[in-house]
Amino acid sequence: MAEKTAKNKAYSAESIQVLEGLEPVRKRPGMYIGTTGTDGLHHLIWEIFDNARDEAMGGFANDIEVTLLPGNRVRVTDNGRGIPVDIHKQTKVSALETIMTTLHAGGKFGGEDGGYKVSGGLHGVGASVVNALSSYCKVTVHKDGGEYVQEYSQGKKKAAVKKIGSTKLSGTIVVFEPDKAIFPIIDFSFKRVVDHLRQQAYLVKGLRITVIDASKYEGKIKEEDVFKISELGLEIPSMSFYFEGGLLSLVKFYNSPLKPIHKNIFYVEKKINEYESVEVSLQYVDDISARILAFANNIHTPEGGTHLTGFKTALTRTLNTYGRKNNLIKESEDNFTGEDVLEGLTAVISVKLREIQFEGQTKGKLGTVEAQGTVNTVFSEAFTYFLEENPDDARAIINKVVLALKARKAAKAAKDSVLRKGALEGMTLPGKLADCQSKSAEDSELFIVEGDSAGGTAKTGRDRRTQAILPLRGKILNIERARLDRMLESEQIKNLVIALGTAIGDTFDISKLRYHKIIIATDADVDGAHIRTLILTLLYRFFRPLIDGGYIYIAQPPLYKIKKGKEIHYAYSDDEKAKVVGKDEVEEATEPQPEEEVAEVEEAEKDEKKTTKKSKVSIQRYKGLGEMNAEELWETTMDPERRILKQVTIEDGVAADKVFDILMGTDVPARKSFIQSNATKANLDV
Ligand code: 1YM
């Protein structure tokens, strides 16, 4: 809490609207916070934080601290004006008490005496909801030289608001403990709090947000002590965020691992009136995917909505107009589409609105109609000005979009040729495919293996009733970025597409999928990882439902075969190899065979007497599947009883997209290092 520096804006107790008591909240918590699971639990923090943040957005506070305390308690402080404590005319009790113990009480929106607050869906409902769902809650207010407190339990006050001392500080402190009777599991995630609040810090320029995890300091910290947290000499995890640049800083942060294609980051902030504003920042990078984040009243809208539509329309129009006017687009060339202008774009759009409506399944879509026109107008004007002021940036952007347009057309032409009526349909299964006997997709598996030699081995080793084998030649194709269209022209890929049975594009039909397990079995080296990535990219871009549906797997062939006397072990990692061999006991081998280490180890016999004897251990490193014989391949990689499969999932579409772009992009070192460090990561499904 800092010394009082507040701008003054008169608060009057009349400007509070009172609706009803808190029983409905405890009866149907889902109505107010969505769920009583982990989302709802964290929502409690956002709710209190939002009030502090609104105070900062009004220009009355610039410092907020969120602390996870021992005993499932959370503390939120701000250095704003402090929640009013004077007596409310209508209820004849303190304004603080009204705010905390009645539903929907809050500063009025607009009106002559004004409230600065902007409302937004679930977030507008306020501190009383948190109070109702907390077994303990305490609010401390520093205001006009006095320190006031009130405590509550399950939304009910324990006593009237008390003045407990004088103070030079100004601000509000809320401590709450979620009620175990409402939340079956109370386990706050520091990471989640940090992620949410970092994003919030970008949205409010000049606001410092500190997040502290003191939850593990049971007994070492009293609630009051937390004020002097730094003096306690404990190394408490904490993070502090402050971004002078607001959304511009966020764009910079997003683009930091990427390659911007122009120097200046576009930024506009325009206040429409006292309550409403539009803020947009963008920069293009050398990449094909788009990263667009949209917010309405600081609430993330993952499903987009009117503000995003307004932005996209304006972006497309502005770039077309500018490109034509400056002869950067050839006359013969078509106009850019909305899709073209998104390639490589990093953009953040944030609107503040008086009236806000959310739509969609998860209420993640802005419905407020006026937002579309407002964003469109504000952004077009500012972006046109930016392009004119920064001709180098403008040229780089237009050239990039022209490239996207060309790639789109080429991709479409290729897709059309593949899709030409009958092109796939009438086609017989490829000769390379060794199909399985079963006609039931549920029981059938397709192994995609690298090279004809591995293909031959797999054919011999497989269970032909249910396992089909499709060998793909070494490097399928060296696909360059934005040239996925080329992939579909390749004979190899056509084979794969036909084997899958679903067709592609508009005619894609998942019910025609011929195998419910599609297993990519490439070699355990960098080339193998590359081919696997190409296949995954193809699937990701054109067969996304197969990934979403959990049909795609990656085989896990062993890296080593270890012979210890008569025993044979397979090791799937270096760690495992070390364990099997007994790392410390391995002596330097003399004249090791290529790809073969021979070591003498002390081996503990498994019989009761536990005698030890020297035995020969030979280690064979498998470079590729082709090096295994059919039996070995079956035992280690194909037998459903023994093999390890990693299921390919797309947990986070954005992250996956980024990965594919690194892999497909022109940044070769980044791609190499990514492949090497991630070659063995994925979900295990045995
Ligand atoms: C840690 C949580 O709630 N801060 C906070 C809340 C309010 C004010 C200041 C505030 C608002 C106004 C005037 C106004 C609230 N006031 C109200 C109500 N931090 C936290 N800081 N003075 C102070 O809206 O005009 C609701 S929230 F209803 F009193 F206006």
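Keep in mind that what you see is a predicted model, and the values were worked out from it rather than measured.

J.: So what about the side chain of Arg-291? Which residues, and what values?
T.: For Arg-291, the position within the fold is in strand E12 (residues 291–296). A polar atom in the side chain of Arg-291 sits 3.0 Å from the side chain of Thr-346. The residues contacting Arg-291, other than those within four sequence positions of it, are Tyr-254, Asn-255, Leu-258, Val-285, Gly-344, Leu-345, Thr-346 and Ala-347.

J.: How would you summarise the packing of aromatic side chains if you had to cite specific residues and measurements?
T.: A complete count under the given rule lists eleven aromatic pairs for this structure. On the basis of an interplanar angle of 80° and a centroid distance of 5.5 Å, the ring pair of Phe-266 and Phe-386 is categorised as edge-to-face. Placement of Phe-266 in strand E10 (residues 266–271) and of Phe-386 in helix H9 (residues 370–389) is noted, with a sequence separation of 120 residues between them. For the residue pair Phe-266 and Phe-386, the accessibility class agrees, reading buried in each case. Between the aromatic rings of Phe-311 and Phe-379, the centroid separation amounts to 4.8 Å while the plane-to-plane angle is 55°, which identifies the pairing as tilted. Of this pair, Phe-311 sits in helix H8 (residues 306–325) while Phe-379 sits in helix H9, and the two are 68 residues apart along the sequence. Each member of the pair, Phe-311 as well as Phe-379, carries the same accessibility label: buried. Aromatic ring contacts, followed pair by pair, group Tyr-202, Phe-241, Phe-243, Phe-253 and Tyr-254 into a single cluster. We note Lys-577 situated over the ring of Tyr-560; from NZ or CZ to the ring centre the distance is 4.7 Å.

J.: Tell me about the nonpolar core, residues and numbers included.
T.: Counting residues in hydrophobic clusters, the biggest one holds 61 residues, and the most contacted among them are Ile-45, Val-66, Leu-96 and Phe-176. Counting residues per element, this core draws most heavily on helix H3 (residues 38–57), at eight residues. When neighbours within four sequence positions are excluded, Val-66 is seen to be in contact with Ile-45, Phe-49, Val-74, Arg-75, Val-76, Val-193, Leu-197, Thr-210, Val-211 and Ile-212.

J.: Summarise the sheet that holds E10; cite the residues concerned and give the values.
T.: Pairing in this open sheet of five strands is mixed, and the strands run E10-E11-E14-E12-E13 from one edge to the other. For this open sheet the edge positions go to E10 and strand E13 (299–300), each flanked by a neighbour on one side alone. Judged from the two bridges that link them, E12 and E13 form a sheet pairing that is antiparallel. Following the sheet pairing, Ala-296 is matched in E13 by Ile-299. Lying over the sheet, H9 contacts E10, strand E11 (277–284) and strand E14 (345–352), oriented at roughly 135° with respect to E10.

How each quantity is defined
Residues numbered from 1 in each chain as written. Predicted model: local features only at pLDDT ≥ 70, side-chain atom pairs only at ≥ 80, totals over all residues. Heavy atoms only, no water. Helix = DSSP H or I, 4+ residues; strand = E, 2+ residues; numbered from the N terminus. Polar contact = N/O pair within 3.5 Å; in protein donor to acceptor, adjacent residues only side chain to side chain. Contact = heavy atoms within 4.5 Å. Phe/Tyr/Trp six-rings, centres within 6.5 Å; stacked < 30°, edge-to-face > 60°. Buried < 20%, exposed > 50% of the residue type's maximum accessible area, 1.4 Å probe, protein only. Lys NZ or Arg CZ within 6 Å of the ring centre and 35° of its normal. Core = buried A, V, L, I, M, F, W, Y, C linked by side-chain atoms within 4.5 Å. Pairing = 2+ DSSP bridges. Axes fitted to C-alpha atoms, helices over the stretch in contact; angles between N-to-C directions.

All we've got here are geometric facts, nothing functional implied.
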